[in-house]
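Residue-level listing of the chains:
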Amino acid sequence: MRLLFIGLYLISSCSTDSAQKNLDIPMPKEEVKLPDSTAAQLVKRTEEEINPKQILDWQQYFKKSPNAKKLKIIKESIHEDEKKVELSTEDLLRLARNLRSIGEITRSEVKYREVLRRDSDHFDATIEISEIYQQQQLIEKSFDYIASAKRILASYEKPGKAKIFRYKYALANGLINSQRRQEGHKILSELIVEDRKFINGYLSLAASYLKDQKLELTKFIANRGLDQAPNNPILNNILGVVSQMKGQRGLAKKYFNKALEKNSDLVPALVNRANISIQSADYKSAELDLNRALKNAPYYTNAMVSQGILFKKTGRYSSAKVSFQSALDRNPENAFARYNLAVLTADNFKDQNEALRLFYEVLQSNELSPEIQELAQIQIQGLRDSRISFGIK
């Protein structure tokens, strides 16, 4: 089973080589010269301690996922804004952010675009829509907006440090997701040295190494983040994923439990704990966690996919189909959801033609991993061999 882990907003990749070479904005002159090793960068002690008041303005832009109470307030705010005949630019921006925070990515994108139609140099909207395109795996499109953010910054006589910080973070994640990980890691490390409590930096570094299955580095970075923020539930969730990937289910569950003790509404941890329960055939516990996850985040596609797997395991095939299809309605590029729907269609609904079509669509997905690609190709070959053996063309 695929490990469904942290929901980070990683920013996109580069559109052209020339754009990539010119996007970076130097940090202030006091920038620390860093060694090549990311791990060494994180533990390096600098002689000069930076005054946190010079930096921490960025924090207002990196908010935690809403809990159940905040989610209710956000939905009420969305409802009120959508009733208004006319919205100011700031109202539109708030609406875009609120829609994004509850997972309504497509509707959020529309509102951000409306903000940018009114003000093409709106820095916040430019950065945030680039993050949305990164979520959608629209890499070149996202980097177009990161380039626009650089142009906007260059137009300021004295760009604020918080804006530079946000731009650098977006650029770093863009480089990581365009397979230029070393450059992205270096920028994130610079930001961490600039502000050692920049937890999103640790999260992005850990997520990058986790994707490469560099589990010891992931664990090291997550623990360095916990040194700065001992109660951070997302870092504990990451450590749980590392343990799960090592086959240490018991330890993984302890980390997920710890994350949920700190934030009982942390949806990725609920989904990850449910996945362990499914693997252990503890379907009742899995269903409780997934119901809670989807109550808190109705549009969280990983929860929908896990719910589909649970329904299939417990013989509720029609419900499983609805869950997989709901995930695809929210994110048509979700290769894992489409793969599971294809397997369900072949195995339980006995529709080989439809299953074959779905498996071919898996191979065209923007979010295709090597593992899913290999599995889909095996399934396609198996279905084709079956058709030939029965004399079906």
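A quick note: this is a predicted structure, and the numbers were derived from the prediction, not measured. (Residues numbered from 1 in each chain as written. Predicted model: local features only at pLDDT ≥ 70, side-chain atom pairs only at ≥ 80, totals over all residues. Heavy atoms only, no water.)

Within the protein chain one finds 20 helices and zero strands. Relative to its 393 residues, the protein chain shows a buried fraction of 50%. Residue pairs at least 24 apart in sequence account for 61% of intrachain contacts in the protein chain once pairs closer than 6 positions are excluded. Approximately 19,500 Å² of the protein chain is accessible, and the part contributed by carbon and sulfur atoms is 48%. (Helix = DSSP H or I, 4+ residues; strand = E, 2+ residues; numbered from the N terminus. Buried < 20%, exposed > 50% of the residue type's maximum accessible area, 1.4 Å probe, protein only. Contact = heavy atoms within 4.5 Å. Areas by Shrake-Rupley, 256 points an atom, 1.4 Å probe, with all protein chains shown as cover.)

This next bit is on unusual backbone geometry. At Gln179, a position not held by glycine, the phi torsion is positive, near 70 degrees. Summarising the element assignment, Gln179 is placed in the loop between helix H8 (161-177) and helix H9 (181-194). The exposure class of Gln179 is exposed, given its relative accessible area of 56%. If you check the backbone angles, Lys350 has positive phi at about 55 degrees while not being a glycine.

This brings us to the side chain of Ser365. For Ser365, the location among the structural elements is in the loop between helix H19 (352-363) and helix H20 (370-389). A relative accessible area of 13% means that Ser365 is categorised as buried. A polar contact of 2.5 Å, which involves the side chain of Ser365, links it to the backbone oxygen of Glu333. Those residues within four positions of Ser365 in sequence are excluded, and the remaining contacts are Glu333, Asn334 and Ala335. (Polar contact = N/O pair within 3.5 Å; in protein donor to acceptor, adjacent residues only side chain to side chain.)

Let us now look at the environment of Glu80. Within the fold, Glu80 resides in helix H3 (residues 68-83). On a C-alpha basis, the gap between Glu80 and Leu95 in space is 9.7 Å, while along the polypeptide they are 15 residues apart.

With that settled, the discussion passes to the pattern of salt bridges. Going through the model one piece at a time under the given rule, you end up with 27 salt bridges. Between Glu131 and Arg100 there is a salt bridge whose closest N-O contact spans 2.7 Å. One end of the pair, Glu131, is in helix H6 (residues 123-135); the other, Arg100, is in helix H4 (residues 89-101), and 31 residues separate them in sequence. For the pair Glu131 and Arg100, a shared accessibility class is recorded, and that class is buried. With a shortest N-O distance of 2.6 Å, Lys186 and Glu190 are connected by a salt bridge. With a gap of four residues between them, Lys186 and Glu190 both fall in helix H9, about one helical turn apart. On the basis of relative accessible area, Lys186 is assigned to the partly exposed category, the value being 39%. Among the charged side chains, a salt-bridge network with shared partners connects Asp81, Lys84, Asp91 and Arg94. (Salt bridge = Lys/Arg side-chain N within 4 Å of Asp/Glu carboxyl O.)

Here we come to the nonpolar core. Core analysis: the biggest nonpolar cluster contains 43 residues, and Val271, Val305, Phe324, Tyr339 and Phe359 have the highest contact counts within it. Counting only elements with at least two residues in this core, the list comes to helix H13 (249-262), helix H14 (267-279), helix H15 (283-296), helix H16 (301-313), helix H17 (317-330), helix H18 (335-347), H19 and H20. Per element, the largest residue contribution to this core is nine residues, and it comes from H18. (Core = buried A, V, L, I, M, F, W, Y, C linked by side-chain atoms within 4.5 Å.)

Another aspect to go through is the packing of H3 against H4. For the pair H3 and H4, interaxial distance at closest approach is 10 Å and the crossing angle is 140 degrees. The angle between H3 and H4 falls in the class oblique. Remark: the crossing between H3 and H4 carries left-handed chirality. Touching Ile74, Ser77, Ile78, Asp81 and Glu82 of H3 are Asp91, Arg94, Leu95, Asn98, Leu99 and Ser101, all from H4. By residue class, the composition of the contact of H3 with H4 is four nonpolar, three polar and four charged. (Axes fitted to C-alpha atoms, helices over the stretch in contact; angles between N-to-C directions. Parallel < 35°, antiparallel > 145°, perpendicular 65-115°, else oblique. Left-handed = near helix turned anticlockwise from the far one by under 90°. Nonpolar A, V, L, I, M, F, W, Y, C, P; charged D, E, K, R; others polar.)

This next bit is on the confidence of the model for the protein chain. Detailed reading of the predicted coordinates is not advisable wherever pLDDT falls low. Put simply, the protein chain has an average pLDDT of 83, and 82% of its residues get 70 or more. Taken together, the stretch residues 1-60 has pLDDT below 50 and engages in 160 contacts with residues farther than four places along the chain or on a different chain. (pLDDT = per-residue confidence, 0-100.)

This next bit is on H18. In this model H18 runs 18 Å from its N-terminal to its C-terminal C-alpha over 13 residues, within 8% of the 18 Å that 1.5 Å per residue would give. With 12 of its 13 residues buried, H18 lies for the most part within the structure. By the N-cap criterion, in which a side-chain oxygen at the helix start approaches the backbone nitrogen of a residue two or three places on, H18 is capped by Asn334, the distance to Phe336 being 3.2 Å. (Expected span 1.5 Å × (residues − 1).)

Moving on, we come to H8. Its 17 residues give H8 an end-to-end C-alpha distance of 24 Å, which sits within 8% of 24 Å, the value for a rise of 1.5 Å per residue. Most of H8 sits out of view: 15 of its 17 residues are buried. Taken from the residues just after H8, Gln179 is the one with a positive phi, measuring 70 degrees.

Taken as a whole and judged by the stated rule, the model has four aromatic pairs. Pairing Tyr169 with Phe198 gives two aromatic rings, centres 5.3 Å apart and planes at 80 degrees, and the pair type is edge-to-face. Pair noted here: Tyr169 is in helix H8 and Phe198 is in the loop between H9 and helix H10 (199-211), with a separation of 29 residues, a long-range link. The residues Tyr169 and Phe198 share a single accessibility class, namely buried. Put simply, the rings of Phe165, Tyr169 and Phe198 pair up and form one aromatic cluster. The cationic tip of Arg224 hangs over the ring face of Phe220; the distance from NZ or CZ to the ring centre is 4.9 Å. (Phe/Tyr/Trp six-rings, centres within 6.5 Å; stacked < 30°, edge-to-face > 60°. Lys NZ or Arg CZ within 6 Å of the ring centre and 35° of its normal.)

Looking at where Ile102 falls in the secondary structure, it is placed in the loop between H4 and helix H5 (105-118). Along the chain, Ile102 and Leu71 lie 31 residues apart, while their C-alpha atoms are 7.3 Å from each other. Leave out the neighbours within four places in its chain, and Ile102 touches Leu71, Ile74, Ile78 and Tyr299.

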